[in-house]
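# Chain and residue survey
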Amino acid sequence: MKISKDDVVYIAKLAKLRFSDEEIEKLTVEFESILSHFQSIDRMDLDNVDPDEFADRRESVLRADENVTFGDKEKLFQNAGSMRGTFIQVPRILE
Amino acid sequence: MSGGYAKLNGTDCGFMGIREIRSGVAGGKYSASEITGMYIEKIKAMDDEIGAFLTICEESAAEQAKAVDEKIRSGKEPGRLAGVPVAIKDNICTDGIRTTCASRMLENFIPPYNATVIEKLMSEDAIIIGKTNMDEFAMGSSTENSAFKITKNPRDTSRVPGGSSGGSAAAVAAGMVPVALGSDTGGSIRQPAAFCGIVGLKPTYGLVSRYGLIAFGSSLDQIGPLSKTVEDCALMLEVIQGRDDRDSTSYRGEYHQDYAGRLGREIKGLKIAVLKEYFADGLDSEIASSVNDSIRRLESLGASVDEISLPAAGDGLAPYYIISSAEASSNLARYDGIRYGYRPKEYSDIDELMEKSRSEAFGTEVKRRIMLGTYALSSGYYDAYYKRAQKYRKLLRNQLAGVFDRYDLILGPTSPVLPFKIGERSGDPLQMYLADVYTIIVNLAGLPAISIPCGLSRDGLPIGLQLIGPHYGEPVVLQAAYALEQELKLEL
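Predicted model, so just to flag it, every value in this text is computed and none were measured.

Attention now goes to the overall build of chain B. The helix and strand tally for chain B stands at 16 helices and 13 strands. For 492 residues, the compact-globule estimate of 2.2 N^0.38 gives 23 Å, and the C-alpha radius of gyration of chain B, at 21 Å, lies within 12% of that figure. A principal-axis box enclosing the C-alpha atoms of chain B has dimensions of 65 × 60 × 45 Å. In chain B, which comprises 492 residues, the proportion classed as buried is 59%.

And the structure:
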């Protein structure tokens with residue numbers, strides 16, 4: 001399994017991660033080794049298996065779609081990076 | 001190290017299990033506050049050396065203990081875990097108590113609610129005594145991937161305690177708590193239990209609510225207990241299990257209520273399968289011989305043991321890492337630095353905020369798994385990896401169901417290797433992944449399994465044995481584990 005540095009850079013972009021050139025180099029080598037082990041999955045005979053995990057479950061799990069008010073808003077907001085009033089502050093996304 | 005126990009009124013009181021603590025507290029022999037204070041002292045005295053805890057809940061534990069004492073004084077019936085201190089893996093949400101997943105991402109995260117298991121423990125008057133170290137986001141097999149500290153194995157402090165629930169296992173093994181909770185996605189309760197010489201139970205998928213467990217691989221994750229004895233695991237399971245509408249994968253059928261009450265029953269006639277694939281190349285010879293000795297002991301108790309072949313059992317590693325990494329990449333997409341979690345100091349736009357947040361706050365192994373998972377799910381590779389892995393999973397489930405048509409349990413070693421030295425394997429991710437080969441099929445199939453100590457190596461390192469049952473087969477898993485524990489009578 002040949003993995004190029006460009007592949008790793010592309011995957012990093014999808015995953016919203018940034019790496020240094022050195023890290024990209026290292027990840028490329030590790031990916032090769034891990035993915036070549038993963039090739040073992042090609043040797044298995046899986047042609048006639050239906051992969052639907054839930055095919056044998058009898059019923060769907062549903063619940064009523066009801067509003068529940070969270071009691072202590074302060075506790076909820078204490079984890080946000082930046083607040084203005086009851087709004088979470090983020091960088092401008094519309095120009 | 002493991003010989004010392006907490007002191008109560010100046011005397012070393014030895015190991016106390018749940019029944020002893022509960023009856024002592026309920027009967028007024030000692031108070032919940034005394035028990036809690038004693039274990040807090042023990043943690044303070046020992047944990048600088050072991051490093052099992054990320055947070056010690058001294059104040060809140062004292063308040064909980066006081067409330068339990070008042071409840072008993074007022075004549076109310078004490079809960080089933082009255083006064084029992086429990087350590088909690090730091091990926092289980094505790095209201096008002098920092099819950100970090102051992103990650104910089106959640107270094108300052110204070111959950112505004114309790115996980116269902118925490119509510120259940122507290123409603124039975126247990127004391128939440130601290131939060132334990134782990135591999136970051138439960139990704140790892142040695143607890144070396146914590147962003148905050150290394151946890152040492154109390155049996156040999158130059159060695160790892162296993163992982164990812166290494167803090168919980170080390171805390172129990174060192175006697176700093178009687179019981180703890182961990183989580184198991186591919187062996188993260190059973191393998192550290194084996195490495196530290198204690199008991200660890202991974203319940204059937206769905207038996208214990210995952211509400212409030214910070215997600216890693218949602219189709220694999222399960223919360224379970226770690227303890228010194230099989231009986232304590234059974235008593236803990238009775239409390240933490242149960243249907244929960246806040247977890248849509250929660251089991252909706254009938255629950256067994258009395259696991260502990262069944263212990264001590266004979267296991268004569270029990271049919272046990274041993275998988276040939278578990279004794280292939282790569283298994284440490286001392287582990288093989290210790291597990292074989294336990295097989296003979298079980299036969300002497302009247303169980304029948306057959307060696308069988310389950311070809312799929314040896315192939316689980318690749319599908320497991322594909323599925324768990326794919327689920328992790330999806331689950332961890334929520335960490336964007338906006339609503340909670342680490343936010344970088346400087347950023348110019350929303351993309352930079354997200355990318356810097358994730359790149360600066362996630363550790364190497366977490367990033368590696370997110371990358372692997374993103375790759376496996378990406379266009380052009382999905383069919384080759386993720387879909388084939390799901391097919392394997394179905395095949396494995398079918399093959400295992402066939403085994404359980406004929407047998408009550410499957411037996412094997414928990415880990416192919418003895419506890420290794422700190423730093424010995426951390427440079428090679430694939431080597432680390434290979435150590436999970438015996439535990440992962442249990443999660444892929446959603447089965448219950450327990451690891452119990454079955455012997456010691458020549459160097460005195462613990463060896464763990466795994467018993468796997470059919471779905472909701474906890475009663476027979478615990479019953480057989482208890483019978484073997486009583487037969488072996490290991491002095492650990």
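Moving on: the overall build of chain A. Looking only at helices and strands, one finds 3 helices and 2 strands in chain A. Walking chain A from its N terminus toward its C terminus, one meets helices and strands in the order α-α-α-β-β. Against the globule reference of 12 Å for 95 residues, chain A gives a C-alpha radius of gyration of 23 Å, more extended than a compact globule. Here chain A, with 95 residues, has 9% of them falling under the buried criterion.

Next up on the list: unusual backbone geometry. Residue and element names in this part refer to chain B. Following Gly163, the chain continues into Ser164 via a peptide bond in cis, with omega recorded as 10°. By the secondary structure assignment, Ser164 is in the loop between strand E5 (127-132) and helix H5 (166-173). The backbone of Ala102 shows a phi angle near 55°, a positive value even though the residue is not glycine. In this structure, Ala138 is a non-glycine residue whose phi angle is positive, near 70°. Mapped onto the elements of the fold, Ala138 is located in the loop between E5 and H5. We classify Ala138 as buried; it has 30 C-beta atoms within 10 Å.

Another aspect to go through is the interface of chain A and chain B. Taken residue by residue, the interface counts 34 residues in chain A and 42 residues in chain B. Mapped by element, the contributors of at least two residues to the side of chain A that touches chain B are helix H1 (5-14), helix H2 (21-38) and helix H3 (73-77) of chain A. It is H2(A) that contributes the most residues to the side of chain A that touches chain B, 6 residues altogether. A per-class count over the side of chain A that touches chain B returns 20 nonpolar, 6 polar and 8 charged.

Before going further, it helps to spend a moment on the packing of helix H7 (residues 230-240) of chain B against helix H16 (residues 474-488) of chain B. Residue and element names in this part refer to chain B. Where H7 contacts H16, the axes come no closer than 9 Å and their chain directions differ by 160°. Here H16 runs roughly antiparallel to H7, going by the angle between their axes. Crossing angle aside, the handedness with which H7 passes H16 is left-handed. Here Val230, Glu231, Cys233, Ala234 and Leu237 of H7 come into contact with H16, specifically with Glu474, Leu478, Ala481, Tyr482 and Glu485. Its residues placed into classes, the contact of H7 with H16 shows 7 nonpolar, no polar and 3 charged.

A separate point is the confidence of the model for chain A. Predicted confidence across chain A gives a mean pLDDT of 87, with 93% of residues reaching 70 or more. Averaged pLDDT values over the elements of chain A bottom out at 89 in H3(A) and peak at 96 in H1(A).

Residue and element names in this part refer to chain B. Taken in spatial order, the 11 strands make up an open sheet running E3-E5-E4-E6-E8-E7-E12-E13-E11-E9-E10, and their pairing is mixed. The two strands at the open ends of the sheet, each matched to only one other strand, are strand E3 (53-56) and strand E10 (304-308). Going from strand to strand, the sheet's axes swing by 30° on average, the running direction of each strand aside. Both strand E6 (residues 179-183) and strand E8 (residues 223-227) contribute to a ladder of 5 bridges, which runs antiparallel. Bridge pairing links Ser183 to Ile223 in E8. Of the strands in this sheet, E3, strand E4 (85-89) and E5 touch helix H2 (residues 32-50), which is tilted by about 15° from E5.

Glancing now at the pairing of strand E9 (residues 271-275) of chain B. Residues and elements named next belong to chain B. Sheet analysis places E9 next to E10, joined by 5 bridges and oriented parallel. Following the sheet pairing, Ala273 is matched in E10 by Asp306. Note that the unit made of E9, helix H9 (residues 285-300) and E10 has a crossover that is right-handed. As paired strands, E9 and strand E11 (residues 409-413) are joined by 3 bridges and run parallel to one another.

This next bit is on the confidence of the model for chain B. In this model, chain B carries a mean pLDDT of 95, and residues with pLDDT of at least 70 account for 97%. Reported confidence for the predicted complex is 0.93 by ipTM and 0.96 by pTM.

Thresholds applied
- Residues numbered from 1 in each chain as written.
- Chains lettered and ligands numbered in written order.
- Predicted model: local features only at pLDDT ≥ 70, side-chain atom pairs only at ≥ 80, totals over all residues.
- Helix = DSSP H or I, 4+ residues; strand = E, 2+ residues; numbered from the N terminus.
- Rg over C-alpha atoms; globule rule 2.2 N^0.38 Å.
- Buried ≥ 20, exposed ≤ 12 C-beta atoms within 10 Å, placed from the backbone.
- Contact = placed C-beta atoms within 7 Å.
- Nonpolar A, V, L, I, M, F, W, Y, C, P; charged D, E, K, R; others polar.
- Axes fitted to C-alpha atoms, helices over the stretch in contact; angles between N-to-C directions.
- Parallel < 35°, antiparallel > 145°, perpendicular 65-115°, else oblique.
- Left-handed = near helix turned anticlockwise from the far one by under 90°.
- pLDDT = per-residue confidence, 0-100.
- Pairing = 2+ DSSP bridges.
- Right-handed = clockwise from strand over helix to strand, strands pointing away.

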